[in-house]
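Listed below are the residues making up each chain.
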Amino acid sequence: MIWNLGSINADHVYAVPHIPAPGETLAATALTYGLGGKGANMSVAAARAGARIAHLGAVGADGGWMVERLESYGVDCAHVQRREGPSGHAIIAVDARAENAITLFPGANREIDLDAVKQALDKADPGDLLITQNETNGQVEAAAQARARGLRVVYAAAPFEAGAVRAVLPHLDLLVLNEVEAQQLSQALGTPIEELPVPQVVVTLGAAGCDWIETATGARHHVDAPRVEAVDTTGAGDTFTGYLLAGLSEGLEMQAALKLATQAGALKVGRHGAADAIPSREEVAQAAF
Ligand code: ADP
């Protein structure tokens, strides 16, 4: 079972000729609404991969449709909290080369009641997985409580903030971050990634796949990503992480779980959208990379 203390956002996605420069006003050529947020994306990815996943998060009064959407993908939302203010939402510009720029309003995602999270985690079994990212409050508290209950704790260091990673590091079994975040963390802590005080680190490398580092030995293993034509990289890392967790939760070895995750991530970048564009396990299997 996977538990996800994660954000739930309404994504407003604007197609633009290029990412607007400071001071520039630019007309978008299309607008779509969808379910997003790193947390929700990871929950959908894990559920699409076939895992049992419970989402621990919050939406505002305007967020009922997002809970319904999560449930439609098979995510357990019994512990999703309701807040009076607005739900988290994101304004996403995607250019013709599939690059994106995102403005985020956290809303209910930063108003999660931690007592309720603690009560939910009381129902977890040792060996279950907890995933958190940096779009909610309560990351450190949840990680510490999960660890105390014998869960394996995974953290996706996005959006990157050195202080947030530093605070949660002592409670982690696995840290997942992209290449830019890895450089930022290494610089902020003055420590090479291979020497972080976390047993396992996975660095995603976009089209180049990912590296998996076992810090006890410093061993670095590489997994290639399949070659695809990228049209929208939104949610690639979240798809990767959700599938990685699903693989681990069903007992796959790290190498096999990473292979599954890179394939799912590659399929995602070939499609427009966030949560709603995350491929199913069947689609990943059929892609025959
Ligand atoms: P993030 O979205 O967090 O920046 P990455 O860009 O590293 O993360 O992408 C996460 C994963 O998605 C990669 O490890 C890879 O498996 C897949 N992926 C991303 N971009 C591509 C691409 N252009 N071609 C194939 N796979 C990709």
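Rules behind the numbers
Residues numbered from 1 in each chain as written. Predicted model: local features only at pLDDT ≥ 70, side-chain atom pairs only at ≥ 80, totals over all residues. Helix = DSSP H or I, 4+ residues; strand = E, 2+ residues; numbered from the N terminus. Rg over C-alpha atoms; globule rule 2.2 N^0.38 Å. Buried ≥ 20, exposed ≤ 12 C-beta atoms within 10 Å, placed from the backbone. Near = placed C-beta within 6 Å. Nonpolar A, V, L, I, M, F, W, Y, C, P; charged D, E, K, R; others polar. Expected span 1.5 Å × (residues − 1). UniProt positions renumbered as here; feature names shortened; annotations may be inferred. Contact = placed C-beta atoms within 7 Å. Pairing = 2+ DSSP bridges. Axes fitted to C-alpha atoms, helices over the stretch in contact; angles between N-to-C directions. Right-handed = clockwise from strand over helix to strand, strands pointing away.

As recorded by an unreviewed UniProt entry, the protein chain carries the name Ribokinase and is attributed to Limimaricola cinnabarinus.

Visitor: Please explain the overall build of the protein chain as it appears in this structure.
Guide: When helices and strands are tallied, the protein chain shows 9 helices and 14 strands. Rg of the C-alpha trace for the protein chain: 18 Å, near the compact-globule value of 19 Å for 289 residues, within the 12% margin. Over its C-alpha atoms, taken along the principal directions, the protein chain stretches across nearly 50 × 45 × 40 Å. Looking at the protein chain residue by residue over its 289 residues, the buried ones come to 47%.

Visitor: Honestly, the site of the ligand in this entry has me stumped. Any pointers?
Guide: Near the ligand there are 19 residues, and of these Thr204, Ala207, Gly237, Gly265 and Ala266 occur at the shortest range. Here the residues of the shell around the ligand are counted per class, giving 11 nonpolar, 8 polar and no charged.

Visitor: How should helix α7 (residues 236-249) be read in this particular structure?
Guide: For an α-helix, 3.6 residues make a turn, and residues three or four places apart therefore share a direction. For α7, built from 14 residues, the straight-helix expectation of 20 Å at 1.5 Å per residue is met to within 8% by its first-to-last C-alpha distance of 20 Å. Phi turns positive, to about 95°, at Gly251, one or two residues after α7.

Visitor: Even after reading the chapter, I still don't get the UniProt feature "active site" (unreviewed entry) in the protein chain, so can you show me in this structure?
Guide: Mapped onto the present numbering, the UniProt feature "active site" (unreviewed entry) falls on Asp238. Its place among the elements puts Asp238 in helix α7. Residues contacting Asp238, with those up to four places away along its chain left out, are Lys38, Asn41, Met42 and Ala45.

Visitor: How should I be thinking about the UniProt feature "domain: Carbohydrate kinase PfkB" (unreviewed entry) in the protein chain in this particular structure?
Guide: Within this numbering scheme, the UniProt entry marks residues 5-280 as carrying the feature "domain: Carbohydrate kinase PfkB" (unreviewed entry). The span residues 5-280 is 31% helical and 24% strand by assignment, and the distance between its end C-alpha atoms comes to 22 Å.

Visitor: Whenever I open this one, the sheet that holds strand β12 (residues 200-204) confuses me. Can you help?
Guide: Sheet strands associate in pairs through backbone hydrogen bonding, adopting either a parallel or an antiparallel arrangement. With respect to topology, 8 strands assemble into an open sheet ordered β4-β1-β9-β10-β11-β12-β13-β14, the strand pairing being mixed. Two strands lie at the open edges of the sheet, namely β4 (53-56) and β14 (219-223), each paired on one side alone. Strand after strand, the sheet turns through a mean of 20° between neighbouring axes, direction not considered. Two elements, strand β10 (residues 152-156) and strand β11 (residues 174-178), share 3 bridges in a ladder whose sense is parallel. Its bridge partner lying in β11, Ala156 is registered against Val176.

Visitor: Quick question: what am I supposed to make of the pairing of β10 here?
Guide: Regular strands have side chains that alternate between both faces of the sheet. Of all 5 residues that make up β10, 5 are buried, and the element is covered over most of its length. Of the two faces of β10, both are covered, the one formed by Arg152, Val154 and Ala156 as well as the one formed by Val153 and Tyr155. Strand direction decides the pairing type here: strand β9 (residues 129-133) and β10, joined by 5 bridges, are parallel. Each residue of the ladder has a partner; that of Leu129, found in β10, is Arg152. Chirality of the crossover, the property in question, places the unit of β9, helix α4 (residues 139-148) and β10 among those that are right-handed.

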